[in-house]
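# Examining the three-dimensional arrangement
Next come the chains, spelled out residue by residue.
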Amino acid sequence: MKRIALWEAKHPKTVVLIAVILLIPSLIGFLCTRVNYDIMSYLPDNLSSVQGEKVLDETFNNAGMSILVIEDMPSKYTAALKEEISKLEGVSAVFWVDDLADVSIPADIIPDALKDVFYSKTGEQTMILVQYKYAGSSDETLKTIKQIKGLINDKTFISGLTAIVEDTKEICDTQAPIYVAVAVVLALIIMSLLMDSWVLPFVVLATLGIAILYNMGTNIFLGEISFVTQSIAAILQLGVTVDYSIFLIDRYREEKTRYATREEAMANAVTKSITALLGSSLTTIFGFLALCFMRLRLGFDIGFVMAKGVVWGILTVVFILPEMLLVFEEYIEKYKHKSLMPSFPKLNNSIYKNRKLLAIICVVLIIPSYFVQSKATPYYSMDKALNESFISVQGLEKLKSDFDMATTHFIIFDDTLPSGQIIQMENEIKNLDGIASTLAYNSIVGPAIPDDIIPDDILKICKADGLQLMMVNSKYATATDELNNQVDALNAIVHKYDPSGYVTGEGAIAKDLIEVTDRDFTVTSILSIAAIFILIAITLKSISLPILLVLSIELAIWINLAIGVLMGSSMSFVDATVINCVQLGATVDYAILLTTRFREELRLGRSKHDAIINAVSAAERSILQSASVFFAATFGVYCICDISIIKGICALLARGSVISAFVIIFFLTPLLCICEKPISKTTLDWRSKAKKEHFKEAKNNV
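Residues numbered from 1 in each chain as written. Predicted model: local features only at pLDDT ≥ 70, side-chain atom pairs only at ≥ 80, totals over all residues. Heavy atoms only, no water.

## Remarks on the overall build of the protein
Within the protein, the secondary structure is distributed over 28 helices and 11 strands. Taking the principal axes of the C-alpha coordinates as reference, the protein spans close to 100 × 55 × 40 Å. Counting only residues that meet the buried cut, the protein has 56% of its 702 residues in that class. A separation threshold of at least 6 residues defines the contact pool for the protein, and within that pool the share at least 24 residues apart is 80%. Accessible surface, the protein: about 29,500 Å² in total, of which carbon and sulfur atoms supply 61%. Separation of charge centres in the protein, based on 61 positive and 74 negative side chains, amounts to 17 Å. (Helix = DSSP H or I, 4+ residues; strand = E, 2+ residues; numbered from the N terminus. Buried < 20%, exposed > 50% of the residue type's maximum accessible area, 1.4 Å probe, protein only. Contact = heavy atoms within 4.5 Å. Areas by Shrake-Rupley, 256 points an atom, 1.4 Å probe, with all protein chains shown as cover. Lys, Arg positive; Asp, Glu negative; His and termini not counted. Charge placed at Lys NZ, Arg CZ, Asp CG, Glu CD.)

Following this line, the structure appears as structure tokens:
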């Protein structure tokens, strides 16, 4: 490794040029990677609601159905709008009351089965159903929805899950570049103040930018990534890998005092740093990889991309940052300034003096913080991911207030069922609590009318490939206990008449999503804790240290989530699962840094008091620098973001970075000091180096 590092140090411009050339395929890969804006599409395929959605899409072209609410407009406008929408290439069918009744007659003469569905309670609003040729979240369908938005006026609103997906796409495409820009600018400001050179932060961020683009470019091999990953991957990668750069820079400056040439100093800095960097990064990588075991495939999407991002971060810090430092060293030294990073000698001594009190506070906080954070109630409905200004959210509110339609269920059953059983099934469904209306073939045309005299445009809406479709509108909101109970009741009724029937739609999918993510949260938490526990145990050769370190970060996570509960902050189902793995994996490095420095001081023969004071004084600089950059990058995105899922994740990450730094400095420090004797008995070579290490050091000195 040293030969490679020395060659690179002697040819820095060549290495930088190669790195820049590799940005070209990375940029192409980044631009060609499709972004998926539909979280529901990441559910497991074996769920009944997902299988029903597939049938709904492939057989009835209805999985991406949109509902247009038209307010206080004449029938001529509605009919004309319907005609314009039907001409769009991506539209399969447009369904309104005029397909079944003459709209020129008074509304109160129209059959109740139609009036209850297509007109509001006051009769001042009506709705149009739009079906698409392609899958609900496909690029073609999202393009069609955008075209529909261009046709409607300010008294027409579009709703439905696909409309929400399109609004999400629009805001992500607009704001995602701004997120990265804000994160970079704020990180640059923090680093400029805390580092001792005005140029050095630009060099570090340029190197990390290369790593980020390499990571995002190689996502093309995944085929597509989620909008959540697209929005936060760069920010997370910046936050969790910046401390690797700081570590190498500090090591290089240390090595410069020992070697005659800067090339030799850099080669030795890289050689000595790589083992520590790899060991430190493994905890972060395994924290992210724990997400890959979620049944909700969004976890794999985020986890794999971020784990890959950490690998790219390490590679660029080892193979590109050294050369960037050498190329720009003249300017780095020329524009040096005094760092504004303060030192805290009085605070550190106070922590030592009050170590027993702080340890008691730490232990006391564990139970209430765990209890409070367990009371978090995440939301699962995608309409809550956007603010009220979006047309899809406004459309949903219109459906709730004017039509008593908070959620729409789709029931698919065998068309060969006797008409009497179908009518009986429909009546049982109508009698369920919370059902606002139903739209079924029998209620529209009547059971006595043969199919061969029904127009094809009407027939294909309700019947296809031996299956029949019923639309059921519910007064209950998605992901509520009432709606979930209603879905269970619908399944019981449908399966009584057709065991192979499906109940699907946003409500059924959200119910399955709740069950899947509850299991995912438990699994990912256990896996991330176990993996990091084992890594720390192997790295530090200890049984007791993994308990202290992991418990410290878990306490920070519980405090973080508990604060959100006490503040009444909204939290998506993604937030808690992601934060548990990410905060643990990303900030456990702080704990490892403090612990290893404490061990190093003890091995030098210092007293426990001097060792812990020196350790926390040395470690807190790196901890505060890293946490400050992480906080600035994520908090900046939180302040400008209009997507609740992204906003929630960034809020938790920003707060979590500060809390983790606080817990490590104020709680882990006294715990290490108090538990030093038990640690020494349960840790190999705690106070003395192993013979191999002594031999290597002696050989190097010679």
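## Regarding the packing of helix α21 (residues 481-497) against helix α22 (residues 506-540)
Their axes nearest at 9 Å, the elements α21 and α22 cross at an angle of 105°. Judged by the angle between their axes, α21 and α22 are roughly perpendicular. Residues Leu483, Asn484, Val487 and Asp488 of α21 lie in contact with α22, whose contacting residues are Gly507, Ala508, Lys511 and Ile514. Tallied by class, the residues present in the contact of α21 with α22 amount to 4 nonpolar, 2 polar and 2 charged. (Axes fitted to C-alpha atoms, helices over the stretch in contact; angles between N-to-C directions. Parallel < 35°, antiparallel > 145°, perpendicular 65-115°, else oblique. Nonpolar A, V, L, I, M, F, W, Y, C, P; charged D, E, K, R; others polar.)

## Side note on the packing of helix α10 (residues 227-256) against helix α12 (residues 298-319)
One can describe the packing of α10 onto α12 by two numbers: an axis separation of 9 Å at closest approach and a directional angle of 30°. Here α10 lies roughly parallel to α12, going by the angle between them. Note that α10 runs across α12; the crossing there is right-handed. For the pair α10 and α12, the contacting residues are Val228, Thr229, Ala233, Leu236, Gln237, Val240, Thr241, Tyr244, Ser245 and Leu248 in the first and Asp301, Ile302, Val305, Met306, Gly309, Val310, Trp312, Gly313, Ile314 and Val317 in the second. Broken down by class, the residue content of the contact of α10 with α12 amounts to 13 nonpolar, 6 polar and 1 charged. (Left-handed = near helix turned anticlockwise from the far one by under 90°.)

## Remarks on the pairing of strand β3 (residues 91-95)
Counting buried positions over the 5 residues of β3 gives 4, a clear majority of the element. Pairing of β3 with strand β4 (residues 125-132), which is carried by 4 bridges, proceeds in the antiparallel orientation. Among the inter-strand pairings, valine 91 is bridged to a residue of β4, identified as tyrosine 132. (Pairing = 2+ DSSP bridges.)

## Observations concerning the sheet that holds β4
Taking strand neighbours across the sheet as the criterion, the 4 strands line up as β3-β4-β2-β5 in an open arrangement whose pairing is antiparallel. Two strands lie at the open edges of the sheet, namely β3 and β5 (156-159), each paired on one side alone. Geometrically, the sheet is characterised by an average inter-axis angle of 25° between neighbouring strands, direction not taken into account.

## Remarks on α12
Between its terminal C-alpha atoms α12 stretches 31 Å, which fits the 32 Å expected from 22 residues at 1.5 Å a residue. Within α12, 16 of the 22 residues are buried, which leaves the element mostly enclosed by the surrounding structure. (Expected span 1.5 Å × (residues − 1).)

## Digging into the packing of aromatic side chains
Tallied over the entire structure, the rule returns 10 aromatic pairs. Taken together, the aromatic side chains of Phe631, Phe635 and Tyr638 make up a single cluster linked through ring pairs. One cation-aromatic arrangement involves arginine 355 over tyrosine 352; the distance from NZ or CZ to the ring centre is 4.2 Å. The residue whose ring lies beneath lysine 647 is tyrosine 638, and the NZ or CZ to ring-centre distance is 4.5 Å. (Phe/Tyr/Trp six-rings, centres within 6.5 Å; stacked < 30°, edge-to-face > 60°. Lys NZ or Arg CZ within 6 Å of the ring centre and 35° of its normal.)

## Quick word on the pattern of salt bridges
Per the counting criterion, the structure on display carries 27 salt bridges. As a salt-bridge pair, glutamate 601 and arginine 597 come within 3.3 Å of each other at their nearest N and O atoms. Residue glutamate 601 and its partner arginine 597 are both found in helix α24 (residues 573-603); the two are separated by 4 residues, about one turn of the helix. Using a relative accessible area of 30% as the deciding quantity, one classes arginine 597 as partly exposed. If you follow the salt bridges from partner to partner, you end up with Lys149, Glu166, Asp167 and Glu170 in one network. (Salt bridge = Lys/Arg side-chain N within 4 Å of Asp/Glu carboxyl O.)

## What to know about unusual backbone geometry
Positive phi is not limited to glycine here, since aspartate 72 has a value of about 50°. Here aspartate 72 is to be found in the loop between β2 (66-71) and α5 (75-86). Overall, the relative accessible area of 53% leaves aspartate 72 in the exposed class. Despite not being glycine, lysine 541 has its phi angle at roughly 55°, a positive value. Checked against the element boundaries, lysine 541 lands in the loop between α22 and α23 (544-567).

## Describing α23
The terminal C-alpha atoms of α23 lie 35 Å apart, and with 24 residues this matches the ideal 34 Å at 1.5 Å per residue to within 8%. Burial analysis of α23 places 18 of its 24 residues in the buried class, the great majority of the element. Glycine 568, located one to two residues past α23, shows a positive phi value of around 75°.

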